[in-house]
Protein chains: 2
Amino acid sequence: MLEREITNPIITPEQFPNAMEGFEVFGTFNAGATIHDSETILLVRVAQKPIQKGSQIMVPFLDLDNKQIVVNGLEKSNPEFDFSDTRVVWDANKKFIKYLTSISGLWIARSKDGIKFSFDSKPFIFPETEWETWGCEDARITKIDDTYWINYTAVSERGIATALASTKDFTSLERHGIIFAAPNRDVAVFSEKLNGNYIALHRPMPSYVGTESIWFADSQNMTHWGNHKFVAGPRSGNWDSQRIGAGSPPIRTNEGWLEIYHGADDSNRYSLGAMLLDLREPWKIIARSSKPLIEPTEKYEKEGVYPNVCFTCGHTIVDDEIQIYYGIADRSIALAKVSIKETLDSLS
Amino acid sequence: MLEREITNPIITPEQFPNAMEGFEVFGTFNAGATIHDSETILLVRVAQKPIQKGSQIMVPFLDLDNKQIVVNGLEKSNPEFDFSDTRVVWDANKKFIKYLTSISGLWIARSKDGIKFSFDSKPFIFPETEWETWGCEDARITKIDDTYWINYTAVSERGIATALASTKDFTSLERHGIIFAAPNRDVAVFSEKLNGNYIALHRPMPSYVGTESIWFADSQNMTHWGNHKFVAGPRSGNWDSQRIGAGSPPIRTNEGWLEIYHGADDSNRYSLGAMLLDLREPWKIIARSSKPLIEPTEKYEKEGVYPNVCFTCGHTIVDDEIQIYYGIADRSIALAKVSIKETLDSLS
């Protein structure tokens, strides 16, 4: 029933035209999605990596004083660090991440047909604040009335937190600061209020106690969140056994809120599944995918910067069809289409 | 200048009269403090441990279905677990805590002189909700108008989160749910609003990125928090090099908000120091202790369940004097008195 776009991957790093000087683009992935003025808008995470030189590992970050991205070199022989993961630099005990080896910003890509996209010439959200010195990642977009609310992961030495911004036109942008304190990511805001409050799914990251699970919260103003409830956790022995997180914003159906979420299994293989949440008490699960909707089976999903990853932050709805834009292997973006009705049927 | 009470420790597990059947009390410590109706009220964490039997490690938790504390036995030979820390049961890789070996509730102890206390016959806050199945720990009390706001650490398999309750009389209690999602503890609410909002310090716990640091947040209603700001982190090479967290609620002085906080060094030795926060922008630090105000030097501070710990959740103010009630070695409570003026002078 699920149909992958034949031209997948539809966005790859090779087609990104605006790499910073001295950097290469290694990932254009994990995009928020919406439709505005008849255009499909993707807010794409563009990860850029300093071009490596000699024996050093180059680590980029925002210099807050001078408001520019700078690059430091770390000697590969430095015993303080563990360089075994090419995406990050761990401390020697592999307990804390000390640096990232790339820095991400969020760029708008626009399309008339939802398949062929062109990037804007400038980033829409780029590291600027103390919360973003290591990057801005994984945007989700929720339209409520005439405002597009954008949440994204703000990464810095402060931690991994969720920031909020908004726009009405995808030209100007307003930042609203941190809405979920570190460590928290994978926030998906519902497109309708409940009892007068904004509502969202979020994903705290446990320290020592707990699992990476989906929680619910509500807010009167989009900036201050509370009324936390537990929604769902990983399921041992299943495709989502290790961790789960909200994907794109929930889709309202007559049967409930349909949420496409990601789950990783014990091998860190990321697939996408669905859960159906109660309309009146959206922290309650009515049904949940026993098998993934999308799992890494295609070559472009199984190979890449981080192989075997299907991870979504956004979709558009065209008639009864969900157009799922999903990041693959921390490298590119693919598109798959699935009918809402069939997805609901698959859950019952 | 700091004066320890000569009868320290003023509260010990031996004087707690109400152990549950089959349990022993191993800790009466980390108490919130206030004055109500001319009585000093401590809200004491009472940690009870199942009396061990045979070759098993006994782990207690709240059975939500039957609303009672039950105890499971784990074979010491079970390779799934690591029993090297007597307070908790780790998984074999020592990455996640799977159980606690004790369960804490919060009991009121009352005193006319602030030194000799007697416990109420029933707990004031005891594990009851899905967030508290592993215990209720480390209360802080802030009086605003005629309400005493109590926050405490709610521990369960969901994570380590901060819960809120309130009382006007220390007889009846109202619960208000989780105010800071896991992992977050060491929350200290200010006794005055700022620009019409409640304000608080909190302490997110990083996963992989960041340090255990003090953050600021505000709220219109005490339940929904936002406007997060970074206040202060550990200081490498200092007495607070490893992690810090708010202690008791900040004390208003003409020079700023005086906060007594805890810091642990690289050996996990916990001491207490002070920071002075700006009155108008209380996320800004005016001054901070270069040396601890209280560090574990007495025998009763250096020996116990978790040696070398001085950790405060509460104080009372009598004239110009701060009466600091502090937990020692995860076992007992001690009292020390220090003048506000001298503490401020020590910071300049």
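Residues numbered from 1 in each chain as written. Chains lettered and ligands numbered in written order. Predicted model: local features only at pLDDT ≥ 70, side-chain atom pairs only at ≥ 80, totals over all residues. Heavy atoms only, no water.

A.B. asks: For the overall build of chain A, give the residues involved together with the corresponding values.
C.D. replies: Check the secondary structure of chain A and you find two helices and 26 strands. Compactness check: chain A gives a C-alpha radius of gyration of 19 Å against a globular reference of 20 Å for 348 residues, within 12% of the reference. Across its three principal directions, the C-alpha atoms of chain A cover 60 × 45 × 40 Å. Looking at chain A residue by residue over its 348 residues, the buried ones come to 61%. Nonlocal contacts in chain A, meaning residues at least 24 apart in sequence, comprise 50% of its contacts between residues at least 6 apart. A total of about 13700 Å² of accessible surface is found on chain A, and carbon and sulfur atoms cover 44% of it. Across chain A, the 36 positively charged side chains and the 47 negatively charged ones have centroids separated by 2 Å. (Helix = DSSP H or I, 4+ residues; strand = E, 2+ residues; numbered from the N terminus. Rg over C-alpha atoms; globule rule 2.2 N^0.38 Å. Buried < 20%, exposed > 50% of the residue type's maximum accessible area, 1.4 Å probe, protein only. Contact = heavy atoms within 4.5 Å. Areas by Shrake-Rupley, 256 points an atom, 1.4 Å probe, with all protein chains shown as cover. Lys, Arg positive; Asp, Glu negative; His and termini not counted. Charge placed at Lys NZ, Arg CZ, Asp CG, Glu CD.)

A.B. asks: Tell me about the relation of the copies chain B and chain A, residues and numbers included.
C.D. replies: Note on the copies: chain B fits chain A at an RMSD of 0.0 Å, the axial shift is 0.0 Å, and the rotation between them is 180°. Such values leave the two copies arranged in the relation of a two-fold axis. Both copies contact each other with a shared surface, as 100% of the interface residues of chain B are interface residues in chain A too. (Least-squares fit on C-alpha atoms with pLDDT ≥ 70 in both.)

A.B. asks: Let's hear about the sheet that holds strand E24 (residues 310-318) of chain A: which residues, and what values?
C.D. replies: All names here are of chain A. The sheet built from four strands is open, its strands ordered E1-E26-E25-E24 with antiparallel pairing. A single partner strand is all that each edge strand has here, and the edge strands are strand E1 (3-4) and E24. Two elements, E24 and strand E25 (residues 321-328), share eight bridges in a ladder whose sense is antiparallel. Bridging from a neighbouring strand, Thr312 pairs with Tyr326 of E25. Running over the sheet, helix H2 (residues 340-347) touches E24, E25 and strand E26 (332-339) and is turned about 80° from E26. (Pairing = 2+ DSSP bridges. Axes fitted to C-alpha atoms, helices over the stretch in contact; angles between N-to-C directions.)

A.B. asks: So what's going on with helix H2 (residues 340-347) of chain B? Which residues, and what values?
C.D. replies: Residue and element names in this part refer to chain B. All buried positions along H2 are accounted for by Ile340, Thr343, Leu344 and Leu347. Looking straight down H2, one finds its buried side chains confined to an arc of 100°; they lie on one side. The N-cap of H2, judged by a side-chain oxygen 3.2 Å from the amide nitrogen of Lys341 a few residues on, is Ser339. (Arc of directions from axis to C-beta. Polar contact = N/O pair within 3.5 Å; in protein donor to acceptor, adjacent residues only side chain to side chain.)

A.B. asks: How would you sum up the sheet that holds strand E7 (residues 88-91) of chain A? Please name residues and give values.
C.D. replies: All names here are of chain A. Ordered in space as E6-E7-E8, the three strands form an open sheet in which the pairing is antiparallel. Edge positions in the sheet fall to strand E6 (81-82) and strand E8 (97-100), since each of these pairs with one other strand and no more. Pairing of E6 with E7 involves two bridges; the strand directions are antiparallel. Paired with Phe81 across the two strands is Asp91, which belongs to E7.

A.B. asks: Explain the pairing of strand E16 (residues 198-204) of chain A residue by residue, including any values.
C.D. replies: Residue and element names in this part refer to chain A. Within E16, seven of the seven residues are buried, leaving the element largely enclosed by the surrounding structure. Burial along E16 is two-sided: Tyr198, Ala200, His202 and Pro204 facing one way and Ile199, Leu201 and Arg203 facing the other are all buried. In this sheet, E16 lies alongside strand E15 (residues 184-189) in antiparallel orientation, the contact comprising four bridges. Its bridge partner being in E16, Val189 is matched across the sheet by Ala200. Bridging between E16 and strand E17 (residues 214-219) involves five bridges; their strand directions are antiparallel. By the bridge assignment, His202 is partnered in E17 with Trp215.

A.B. asks: Describe the interface of chain B and chain A, and please don't skip the residues or the numbers.
C.D. replies: The interface of chain B with chain A comprises 39 residues on the first partner and 39 residues on the second. For the pair chain B and chain A, the two sides together bury roughly 3200 Å², of which 62% comes from carbon and sulfur. The largest contributions to the chain B side of the interface with chain A come from Tyr208(B), Val209(B) and His224(B), which together make up 22% of the buried area. Applying the counting criterion to the chain B and chain A interface returns zero salt bridges. Our count for the contact surface shared by chain B and chain A stands at 10 residue pairs in polar contact (both at pLDDT 80 or more). Looking at the side of chain B that touches chain A, the elements that each hand over two or more residues are strand E13 (159-167), strand E14 (174-180), strand E16 (198-204), strand E17 (214-219) and strand E18 (225-232) of chain B. Of all the elements, E18(B) adds the most residues to the side of chain B that touches chain A, at six residues. Within the side of chain B that touches chain A, the residues separate by chemical class into 19 nonpolar, 14 polar and six charged. (Buried area = accessible area lost by both parts, 1.4 Å probe. Salt bridge = Lys/Arg side-chain N within 4 Å of Asp/Glu carboxyl O. Nonpolar A, V, L, I, M, F, W, Y, C, P; charged D, E, K, R; others polar.)

A.B. asks: Break down the pattern of salt bridges for me, citing the residues and quoting the values.
C.D. replies: By the definition in use, this model includes 54 salt bridges over all chains. For Arg185(A), the salt bridge goes to Asp138(A), with nearest N and O atoms at 3.9 Å. Here the residue Arg185(A) occupies a position in strand E15, and Asp138(A) occupies one in strand E11 (residues 135-144), the gap between them amounting to 47 residues. Assigned by exposure class, Arg185(A) and Asp138(A) land together as buried. Arg203(B) is paired through a salt bridge with Glu212(B); the nearest N and O atoms lie 3.6 Å apart.

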